[in-house]
Amino acid sequence: MQKITSPESFFGFTLGEDRKIARWDKIVEYYKLLDQQSDRIQVTEMGPSTEGNPFLKVIITSPENFAHLEEIRQINQTIADPRGLSKEEIDSLVQKGKAVSVQSMSLHATEIGGTQMAPQLAYDLLTGDSQEIQNILENVVLVMVPCFNPDGQIMVTDWYNSTLDTPYEGCNYPSLYHKYTGHDNNRDAFAHNIVESKYVGDILFKEWTPQSYFDHHHMGSYGARIFVPPYKNPVRPHTDPLVYNELSLYGANMCYRMEQEGLTGASMMSQFPGWGHYGYHWITNSHNIAGMLSESANAKLATPLYIHPEQLEGNHDKSTPFYGQQVHFTHPWPGGWWRLGDIVKRQYCAAYTVLDTMAKNRAQILFNMTQKALRQTQRGADSQEQAFLIPADQFDKGALRGLLNILLNQGIEVRQAAEEFQAGQAKYPAGTYVVPLAQPKMGVVMNLLGRTLYPDNFWTRDLSGAFTAFDTASDTVAEYMGVEVLPAGAPVEGKFEKLTAVQAPAPANLPK
């Protein structure tokens, strides 16, 4: 068996070491080396980033699974949409299928821990021979995006190195760390304005439709050491309840394992609400995917930060009003030096725990995926709206095409009327687009096209009584774009064709 190069020997230091950051070009080189050395990994360049750097997709599983990877992928897609299958057919797919975990790292480039952690996770999965790792490789396909923002990773690494041994060491990068979106690349999960979002959307909504998605982030420095699922209240009403139960399973196992390993300061069900903006870790919940994020307390990039115990504080909200032991925050960190290595250890533990949980509960997780799809389809069939109708004769045809592409890129089923049709007492012309709610992605459709009523209740009022929301209360994209969308309000009957692509109009013949 060929020897596999360790991260320490390749980079010349331990990833997470004080005052050192591995740069993206070297990390890419390392993954390509692993691809040559191991039959447990497949590394693919999805294409160039916004500024021309490699955007990687890394798949890790057993050699036996790689030999049947396309079959596994097809089974996984059918499990995500089992409409029309018998119970026996579903049971057979669950028996043969593998659980799929998609994990992405360092979407925000100053949140460096995830990308520094990922090579060590890959190495351990490629070289480990424990029963636990063998079980993960046999039962799980890990699809990893080791850096969501390669351009920003390079910018921040170069900035950090340029400030070492100066008064500015450890300060945040002083400009946008994505050319177009900066920090708001995390708000691009439904529109796909930037190419990095498109790559991840293709993985999640077209290629794999995993059972879980985990995005690794950082947060402020003076509270819990790491936030893990489940989210705090409020939650979105159109998400299948099984998703929230799965989030509790994953998060409880993360906290349990961190406590076993002496990694204090883990907090769950706090700070980050289940009703947040439609970034990838939130929108996936509406896709029946258990969408999670971790949020690790910041150091000063790779420079240690000393935190006095009296500096530690709660979130000043109803989830964690004070810093101290609580049922969802069982072992508070006492203060002291906080390092990048501490972040890497906790993110590694959280990422690994998701894989271990999925391996140990593979059949149940796959069965849950079929049930979420069927239950959401039935909820849509029983809904008051029934479907959303998008007239073809819109004032802004470009905006219409943009909206349809957003829906298709989410994997949402869209049809177009081949002839005049009727919904209730109203008739609609041929060419009208129809988005049925009787489909597994009912939750996404309702949030993007339906009327959103953000709650005003105990959970949306802070300790002072002020009304709060995390970024957005609504993601009703059709309203943002000025496209008319009508709830059908009755069963839709007629002849329809499935829409697979939106054709741009032919260029006009301009006068010479």
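Now for a description of the structure that goes with this document. (Residues numbered from 1 in each chain as written. Predicted model: local features only at pLDDT ≥ 70, side-chain atom pairs only at ≥ 80, totals over all residues. Heavy atoms only, no water.)

### Digging into the overall build of the protein chain
When helices and strands are counted, the protein chain shows 16 helices and 18 strands. Against the 2.2 N^0.38 benchmark of 24 Å for 512 residues, the protein chain shows a C-alpha radius of gyration of 23 Å, consistent with a compact globule. Here the C-alpha coordinates of the protein chain stretch approximately 70 × 65 × 60 Å along the principal axes. Sorting the 512 residues of the protein chain into buried and exposed places 58% on the buried side. For the protein chain, restricting intrachain contacts to residue pairs at least 6 apart in sequence, the fraction spanning at least 24 positions comes to 80%. (Helix = DSSP H or I, 4+ residues; strand = E, 2+ residues; numbered from the N terminus. Rg over C-alpha atoms; globule rule 2.2 N^0.38 Å. Buried < 20%, exposed > 50% of the residue type's maximum accessible area, 1.4 Å probe, protein only. Contact = heavy atoms within 4.5 Å.)

### A closer look at the pairing of strand E15 (residues 433-436)
On E15, burial covers both faces: Tyr 433 and Val 435 on one face and Val 434 and Pro 436 on the other are all buried. Across four bridges, strand E11 (residues 387-390) lies against E15 in antiparallel orientation. When the sheet's bridge partners are listed, Ile 390 is paired in E15 with Tyr 433. (Pairing = 2+ DSSP bridges.)

### A closer look at the pattern of salt bridges
Opposite charge on two side chains allows them to pair when their charged atoms are near. According to the stated counting rule, one finds 28 salt bridges in the structure shown. With a shortest N-O distance of 3.1 Å, Asp 25 and Arg 23 are connected by a salt bridge. Note on Asp 25: relative accessible area 39%, which makes it partly exposed. Since its relative accessible area comes to 27%, Arg 23 is described here as partly exposed. (Salt bridge = Lys/Arg side-chain N within 4 Å of Asp/Glu carboxyl O.)

### As for unusual backbone geometry
Each neighbour pair has its own omega, and for Pro 229 with Pro 230 the value is 5 degrees, a cis peptide bond. Looking at where Pro 230 falls in the secondary structure, it is placed in the loop between strand E6 (226-228) and helix H10 (241-260). A cis amide bond links Asn 233 to the next residue, Pro 234, at an omega of 5 degrees. Its place among the elements puts Pro 234 in the loop between E6 and H10. Notably, Gln 271 is not glycine yet its phi reads approximately 70 degrees, a positive angle. Its place among the elements puts Gln 271 in the loop between strand E7 (266-268) and helix H11 (280-286). Although it is not a glycine, Asp 471 adopts a positive phi angle of roughly 70 degrees. Mapped onto the elements of the fold, Asp 471 is located in the loop between helix H15 (442-449) and helix H16 (477-481).

### A few points about the pairing of strand E5 (residues 212-219)
In terms of burial, E5 is a largely internal element, eight of the eight residues being buried. Side chains Ser 212, Phe 214, His 216 and His 218 project from E5 onto one buried face, and the interleaved Tyr 213, Asp 215, His 217 and Met 219 project onto a second face that is buried too. Taken together, the five bridges between strand E3 (residues 99-105) and E5 define a ladder with parallel strand orientation. Across the sheet, the residue bridging to Met 105 is His 216, located in E5. Across eight bridges, E5 lies against strand E8 (residues 290-297) in parallel orientation. Note on E8: the bridge partner recorded for His 218 is Ser 296.

### Considerations on the sheet that holds strand E18 (residues 496-498)
The strand order across the open sheet formed by five strands is E16-E11-E15-E12-E18, and the pairing between neighbours is antiparallel. For this open sheet the edge positions go to strand E16 (486-487) and E18, each flanked by a neighbour on one side alone. Note: strand E12 (residues 415-417) against E18, three bridges, orientation antiparallel. Residue pairing for E18: Arg 415 is matched across the bridge by Lys 498. Of the strands in this sheet, E11 and E15 touch helix H14 (residues 397-409), which is tilted by about 150 degrees from E11. (Axes fitted to C-alpha atoms, helices over the stretch in contact; angles between N-to-C directions.)

### Thoughts on the side chain of Gln 103
Relative to the assigned elements, Gln 103 resides in strand E3. Residue class for Gln 103 comes out buried when judged on its relative accessible area of 0%. Within the structure, Gln 103 has its side chain in polar contact with the side chain of His 216 (distance 2.9 Å). In this structure the side chain of Gln 103 is engaged in a polar contact, spanning 3.2 Å, whose partner is the backbone oxygen of Ala 351. (Polar contact = N/O pair within 3.5 Å; in protein donor to acceptor, adjacent residues only side chain to side chain.)

### Here we look at the packing of helix H6 (residues 113-127) against helix H12 (residues 340-360)
Close contact between H6 and H12 brings their axes to 9 Å; oriented N to C, the two are set at 50 degrees. Overall, the two elements H6 and H12 adopt an arrangement that is oblique. Read as a crossing pair, H6 and H12 show a hand that is right-handed. For the pair H6 and H12, contact is made by Gly 113, Gly 114, Gln 116, Met 117, Gln 120, Leu 121, Asp 124 and Leu 125 and by Leu 340, Ile 343, Val 344, Gln 347, Tyr 348, Ala 351, Tyr 352 and Leu 355, respectively. Residue classes in the contact of H6 with H12 are distributed as ten nonpolar, five polar and one charged. (Parallel < 35°, antiparallel > 145°, perpendicular 65-115°, else oblique. Left-handed = near helix turned anticlockwise from the far one by under 90°. Nonpolar A, V, L, I, M, F, W, Y, C, P; charged D, E, K, R; others polar.)

### Some remarks on the sheet that holds strand E17 (residues 492-493)
Spatially, E14-E13-E17 is the arrangement adopted by the three strands of the open sheet, whose pairing is antiparallel. The strands lining the two open edges of the sheet, one partner per strand, are strand E14 (426-428) and E17. Two strands pair when backbone bridges link them, and strand E13 (residues 421-423) and E14 are joined in this way by three bridges, in the antiparallel orientation. The residue of E14 that forms the bridge with Ala 423 is Ala 426.

### A few points about the environment of Gly 170
Position of Gly 170 relative to the elements: it lies in the loop between helix H8 (150-163) and helix H9 (195-207). Residues Gly 170 and Arg 19 lie 151 residues apart in sequence; the distance between their C-alpha atoms is 8.8 Å.

### Side note on the environment of Glu 17
Within the element layout of this structure, Glu 17 appears in the loop between helix H1 (7-11) and helix H2 (24-37). Judged by its relative accessible area of 32%, Glu 17 falls in the partly exposed class. Residues Glu 17 and Asp 475, spaced 458 residues apart in sequence, show a C-alpha to C-alpha distance of 40 Å. Ignoring any residue separated from it by four or fewer positions in sequence, one finds Glu 17 in contact with Ala 302 and Leu 340.

### Here's the deal with the packing of aromatic side chains
On inspection of all chains with the given rule, the structure shows 25 aromatic pairs. Note on Phe 10 and Phe 11: the rings are 5.0 Å apart at their centroids and 85 degrees apart in plane angle, and the pair reads as edge-to-face. The burial state of Phe 10 is the same as that of Phe 11; both residues are buried. Taking 6.4 Å as the distance between ring centres and 70 degrees as the angle between the ring planes, the aromatic pair formed by Tyr 213 and Tyr 280 counts as edge-to-face. Taken together, the residues span a long stretch of sequence, with Tyr 213 in strand E5 and Tyr 280 in helix H11 at a distance of 67 residues. One exposure class covers both Tyr 213 and Tyr 280, and it is buried. (Phe/Tyr/Trp six-rings, centres within 6.5 Å; stacked < 30°, edge-to-face > 60°.)

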